[in-house]
Amino acid sequence: MEIKGKIIQKFDLQSGTSKAGNPWKKQNYLLETLESYPKKIYFDFFGDRADQYPLEVGDMVNLSFDIESREYQGRYYTDIRGWKAEKIDANATAAAAPAPAASDALAAAPAPPAPAADMSFEQTPQDDLPF
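Residues numbered from 1 in each chain as written. Predicted model: local features only at pLDDT ≥ 70, side-chain atom pairs only at ≥ 80, totals over all residues. Heavy atoms only, no water.

A. Layout of the environment of Lys40. As for its position among the elements, Lys40 is in strand β4 (residues 40–46). For Lys40, a relative accessible area of 57% corresponds to the exposed category. In this structure the C-alpha to C-alpha distance between Lys40 and Ile8, which are 32 residues apart in sequence, comes to 8.9 Å. Each residue touching Lys40, except ones within four places of it in the same chain, is listed here: Ile8, Leu30, Leu31 and Glu32. (Helix = DSSP H or I, 4+ residues; strand = E, 2+ residues; numbered from the N terminus. Buried < 20%, exposed > 50% of the residue type's maximum accessible area, 1.4 Å probe, protein only. Contact = heavy atoms within 4.5 Å.)

Below, the structure written as structure tokens:
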């Protein structure tokens, strides 16, 4: 899955050693989407990807991610795990912002003037219809 947004917070790098003795690290971020009603998305890069995609607050990114849920003691926990982040130009993002919906554009556009009524209606003998 992919989403575009702006990094609004970078959290401290977490690291440790697994039960098997392997070192691990995880970098968490908070991204705000570029929608009319922005949403905040908390995601992480795990392992080598934490170093591969260094992001800073204010970066505009196109984030590729997976959603993963796991069960622990009868409760489910969901993670958003980033696997790729491409930095994008903020100016290109503004130009590519979604255009208003057609119904919004029609509502905002002024109505065209009504055609003037033709008051010179005359019936001719060969036309017996009133319209």
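Still more to cover.
B. Examining the side chain of Asp59 more closely. Looking at where Asp59 falls in the secondary structure, it is placed in the loop between α1 (49–52) and β5 (60–72). Separated by 2.8 Å, the side chain of Asp59 and the backbone nitrogen of Glu56 make a polar contact. What Asp59 contacts, discounting residues up to four positions off in sequence, is Gly5, Lys6, Ile7 and Lys87. (Polar contact = N/O pair within 3.5 Å; in protein donor to acceptor, adjacent residues only side chain to side chain.)

C. Inspection of the nonpolar core at higher detail. Grouped together as the largest cluster of nonpolar side chains are 14 residues, with contacts concentrated most on Ile7, Leu31, Phe43, Phe45, Leu55 and Leu63. For this core, the secondary structure elements donating two or more residues are β1 (2–10), β3 (23–33), β4 and β5. Apart from residues no more than four positions distant in its own chain, Leu63 is found in contact with Met1, Glu2, Ile3, Phe43, Phe45, Gly82, Lys84 and Ala85. (Core = buried A, V, L, I, M, F, W, Y, C linked by side-chain atoms within 4.5 Å.)

D. Geometry of the pairing of β5. Direction of pairing for β1 relative to β5: antiparallel, over a ladder of 5 bridges. Opposite Lys6, over in β5, you have Met60 as the bridge partner. Alignment of β5 against strand β6 (residues 75–87), held across 12 bridges, turns out to be antiparallel. When the bridges of β6 are listed, Ser69 appears paired with Thr78. The hairpin turn running from β5 into β6, its antiparallel successor, is 2 residues long, and Gln73 in that turn takes a positive phi close to 50°. (Pairing = 2+ DSSP bridges.)

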